Every structure is written in C-alpha cells, then in structure tokens.
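An overview of the molecular structure
Below are the chains, spelled out letter by letter.
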Amino acid sequence: MRTDFQHLLIQQDGGVLTITMNRPEVLNAINETLLAELAQAVEAAAQDEAVRCVVLTGAGRAFGSGQDLRSLDEGRAGGATGKVSEHLQKYHRVVLTIRTMPKPVLAAVRGVAAGISCNIALACDMRIVADDARFIEAFARIGLVPDGGGGYFLPRLVGVGKAMELAMLADEVSGPEAERIGLVNKCVPQAEFEVVIAELAQRLAKGPTRAYGLIKKLIYTSAESDFETSLRLEGELQDIAIETEDHQNAVAAFLQKRPPEYRGR
Ligand code: T3D
C-alpha cells in the first residue's frame, strides 16, 4: 500500500487501514491532488486482502469542507473549460469504490463535513461522529445541486422530505441531530471518539470479512430491487457465504463452546 501521498495520511493497524485527508489549514477542502490521491488510496484498499476495514477521516478540526473553492475559482480564472460532469467522474470513482469494496468502510467525522465531503461520508457503510460534528449539504449555498451521490444517499438515509430540506436549506445538522434523523449511526462525546472508532474498526477487521462484503452487496442491491429479486440475491450470496472458512469455523466454534476467530476467508 502506497503511503507517500501529499494530502493523505495512511496508517495501518492490523487489518484496519485509516485514510486521513490532510489539508487541515483549509478544513481538508478537496483539490485535484487530494481527489486523485483519495481515489488511488480507496482503490488500493479495496484490492488489498490485508485490509479488512477502512476508516476515512480528516486531519485537524474537520472531516472536510467540500470542493476546494479557491482552486475551483482559480481554474475558472485560468480558463478551465471542460464540463463539470466530467470533473464529477473523479468523485464518482471514489464513492463507487467505497460502496462496492467488499469490506466495511467507516467515516469517522469530527467537526464540519460540508458539500462533497459530506457526501463522501454518506457513501461510507457507517458513520461514527463526534458531538462537535456539523453536516452541511452546502451545495445550494453556492447555487449547486448535491453531487458525489448526495441526491441518491440522502433520501435513502433520511427520507425524501428531510432530504429535500437538507439539500434546499443547506443548514447545518449537528452530530446529535444527525444521529436522531438517521444520517449517522452513532454520535459520541469528543473525548470518547477515537476509542470508539478504534474499537469498532478493530471489531469489524476481526469479523467475517467475506460475509461483510456479501452483506454490502445484499443491502445496497435490495434498497433498489423488489422483494423477490432480493430473495433470489440472498440465495446466491448465501451459497457463497456458506462455503467460507469463516462460516465453517464459526459453526464449529459455537458447537465447541469457544469464541470464533475469523480470518476473512
Ligand atoms: O466543480 C465542482 O467540483 C463542483 C462541485 C462542488 C462540490 C462541493 O463540495 S460544493 C461545496 C463547497 N464547500 C463549501 O461551499 C463550504 C465552504 N466553506 C464554508 O462554508 C465554511 O468554511 C465551513 C462552514 C465549512 C466552516 O466554517 P468555519 O467558520 O468553521 O471555518 P472557516 O474559517 O470558514 O474556514 C477555515 C479556513 O478554511 C478558511 O481559510 P482562512 O481564512 O483561514 O485562510 C477558509 O477559507 C478555508 N476553507 C473552508 N472551506 C473551504 C476553504 N478553502 C477552500 N475551499 C473550501 N471549501
């Protein structure tokens, strides 16, 4: 796994890979370099069998402040032409890789998560946030629509009415409120944040990784399909899961009254 990035910190602890967006002076605003590096890092994590859980977070007091508006402005002033939809494909590469990688991805959010940074957090499988977290679908503040999958994730997480409110008003949602409306999984006091993240990430990294990958496929596909299609997929995926070493060892462990040990195979 490459670690010599300009705007990312990479740390591996056992099966947990932590990717930290690292431009704290601009609240981890995403410029071209950070975006390219983030795409490379999540793709490498997806491929690496030694990585069994990914944590995505931000350095300093924020998760991320969205697209770097200074570089956006400078690009325009410098005569950048191309359609924004072409630029968005780079963000799509990141969110698609997060959603499809066959292992859990946690967003660890403290401070602000605005614009595309907010939507990258929403792409993750779970969001654990500190009680100073602030989610802002900031796009409408600058006359844009939510991108990076925001228009897809929001109504699925919080319902159409609330999604509309968050996207149109672009008001801040605090960490506790985000937990209450289902935008995040858990909001914890800042003092406990790092421990809670580390414990959950290690727990997931020591879990049945193959089954977790299949669970992602089942849950994300089922959100889009009818009941019978979901039941068919469930059967196909269970055919795979039941052949894994982790399943067979876990059944043996239960019968022998000992804790299971998952190897991710
Ligand atoms: O082409 C495309 O890609 C279009 C796609 C766009 C996707 C998007 O993400 S659109 C949304 C872009 N993001 C925003 O609109 C948010 C802009 N930032 C803010 O509104 C505020 O900074 C925050 C609410 C996020 C945080 O406020 P606060 O008071 O905690 O911090 P601050 O003082 O405003 O920011 C600290 C520094 O970070 C400051 O720099 P300075 O003055 O100390 O030198 C500020 O300019 C800088 N910063 C914050 N956000 C950005 C940024 N610099 C560049 N780009 C930013 N997005």
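Residues numbered from 1 in each chain as written. Predicted model: local features only at pLDDT ≥ 70, side-chain atom pairs only at ≥ 80, totals over all residues. Heavy atoms only, no water.

**Considerations on the sheet that holds strand β4 (residues 105–109)**
Short version of the rule: Here, any two strands with at least 2 DSSP bridges between them count as paired. Starting at the N terminus, helices and strands are each numbered in turn, a helix being any DSSP run of H or I of at least four residues and a strand any DSSP run of E of at least two. Every axis corresponds to a line fitted to the C-alpha atoms, with the helix fit spanning only the stretch in contact, and the corresponding angles, defined between N-to-C directions, vary from 0 to 180 degrees. Any two residues whose heavy atoms approach within 4.5 Å are treated as being in contact.
Strand order in the open sheet formed by six strands is β1-β2-β3-β4-β6-β9, with mixed pairing between adjacent strands. The two strands at the open ends of the sheet, each matched to only one other strand, are β1 (8–13) and β9 (186–188). Adjacent strand axes in the sheet meet at a mean angle of 20 degrees when their direction is disregarded. Relative to strand β6 (residues 126–130), β4 runs parallel, the two being bridged by four bridges. Along β6, the bridge assignment pairs L106 with M126. Strands in contact with helix α4 (residues 115–123) are β3 (53–58), β4 and β6; relative to β6, the strand with the most contacts, it is inclined by about 125 degrees.

**Notes on the site of the ligand**
Selection criterion: Nearness here has a simple test: a residue counts as near a molecule or strand if at least one of its heavy atoms is within 4 Å of that partner. In the analysis that follows, any N or O atom pair within 3.5 Å is treated as a polar contact, provided that within protein one partner can donate a hydrogen and the other can accept it, and provided that, for residues neighboring in sequence, both atoms belong to side chains. All amino acids are sorted into three groups, where Ala, Val, Leu, Ile, Met, Phe, Trp, Tyr, Cys and Pro are nonpolar, Asp, Glu, Lys and Arg are charged, and the leftover types, Gly among them, are polar.
Of all residues adjacent to the ligand, which total 23 residues, the nearest are R61, Q67, L69, H87 and I116. Within the backbone of Q67, an N or O atom sits 2.9 Å from an oxygen atom of the ligand. Within the side chain of H87, a nitrogen or oxygen atom sits 3.2 Å from an oxygen atom of the ligand. When contributions to the shell around the ligand are tallied by element, the ones reaching two or more residues are α2 (69–77), α3 (84–100), α4 and β7 (134–136). When residues of the shell around the ligand are assigned to their parent elements, the largest contribution, three residues, is made by α3. Of the residues assigned to the shell around the ligand, the class counts are 13 nonpolar, five polar and five charged.

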